[in-house]
Amino acid sequence: MEKKTLYFSQIDPSKLSIVFTWDDNFERHATSIGPIFKHFNKRCTFYINPGEPNFQSRLLGHYLRLSLNGFEIGSHGHTHHHYSKLSHRDFVDQLLESKASIQTCLHIDPITFA
């Protein structure tokens, strides 16, 4: 199968839906990816782990700005675990802690999880 690059200008919204998502906590989400999407007047979702070390001191402001600029911030768990290895209770706790942290820190209610 031949690979073909698809450009935003070629997308017919009535025929095709594309969702761009970015996982984990990276500064480049705010410094590179967000600005590129904003330049093309497009949005994407950033799935974050608000319980990871240094999240609040290093990245909180970046994700707050992304949220204020119309980007969705979703949950990727409180910390970055392999969820298939967690007990059901620990998995649920990760989801609840992540949601609570995002609500407290970013003042938004995350509606998606990846």
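You'll find the structure just up there.
This paragraph deals with the packing of aromatic side chains. For the coordinates displayed, the defined rule picks out 8 aromatic pairs. Relative to phenylalanine 113, the ring of tyrosine 83 lies with its centre 6.0 Å away and its plane at 75°, an arrangement referred to as edge-to-face. Taken as a pair, tyrosine 83 in the loop between β3 (72–75) and α3 (88–106) and phenylalanine 113 in the segment after α3 lie far apart in primary sequence, 30 residues in all. The class for phenylalanine 113 is partly exposed, based on a relative accessible area of 36%. Taken together, a centroid distance of 6.3 Å and an interplanar angle of 85° make the contact between phenylalanine 91 and phenylalanine 113 edge-to-face.

Phe46, Ile48, Tyr63, Ile73 and Leu106 are the most contacted members of the largest nonpolar core, which totals 15 residues. Of all the elements in the fold, those that place two or more residues in this core are α1 (28–39), β2 (45–48), α2 (55–68) and α3. Sorting elements by how many residues they give to this core places α2 first, with 5 residues. Residues within four places of isoleucine 48 in sequence aside, it is in contact with Asp24, Asn25, Phe55, Tyr63, Ile73, Gly74, Ser75, His76, Gly77, Ser98, Ile102 and Leu106.

Relative to β3, β2 runs parallel, the two sharing 4 bridges. Bridge assignment links isoleucine 48 to a residue of β3, and that residue is serine 75. In this region the chain leaves β2, passes through α2 and returns to the parallel neighbour β3; the handedness of that crossover is right-handed.

Turning our eyes to something else, we now look at unusual backbone geometry. A negative phi angle is the norm for most residues apart from glycine, just as the trans form is the norm for most peptide bonds. Of note, asparagine 54 is a non-glycine position whose phi angle comes to about 70°, a positive value. Topologically, asparagine 54 is positioned in the loop between β2 and α2. The exposure class assigned to asparagine 54 is partly exposed, which follows from its relative accessible area of 48%.

Cut-offs used in this document
- Residues numbered from 1 in each chain as written.
- Predicted model: local features only at pLDDT ≥ 70, side-chain atom pairs only at ≥ 80, totals over all residues.
- Heavy atoms only, no water.
- Phe/Tyr/Trp six-rings, centres within 6.5 Å; stacked < 30°, edge-to-face > 60°.
- Helix = DSSP H or I, 4+ residues; strand = E, 2+ residues; numbered from the N terminus.
- Buried < 20%, exposed > 50% of the residue type's maximum accessible area, 1.4 Å probe, protein only.
- Core = buried A, V, L, I, M, F, W, Y, C linked by side-chain atoms within 4.5 Å.
- Contact = heavy atoms within 4.5 Å.
- Pairing = 2+ DSSP bridges.
- Right-handed = clockwise from strand over helix to strand, strands pointing away.

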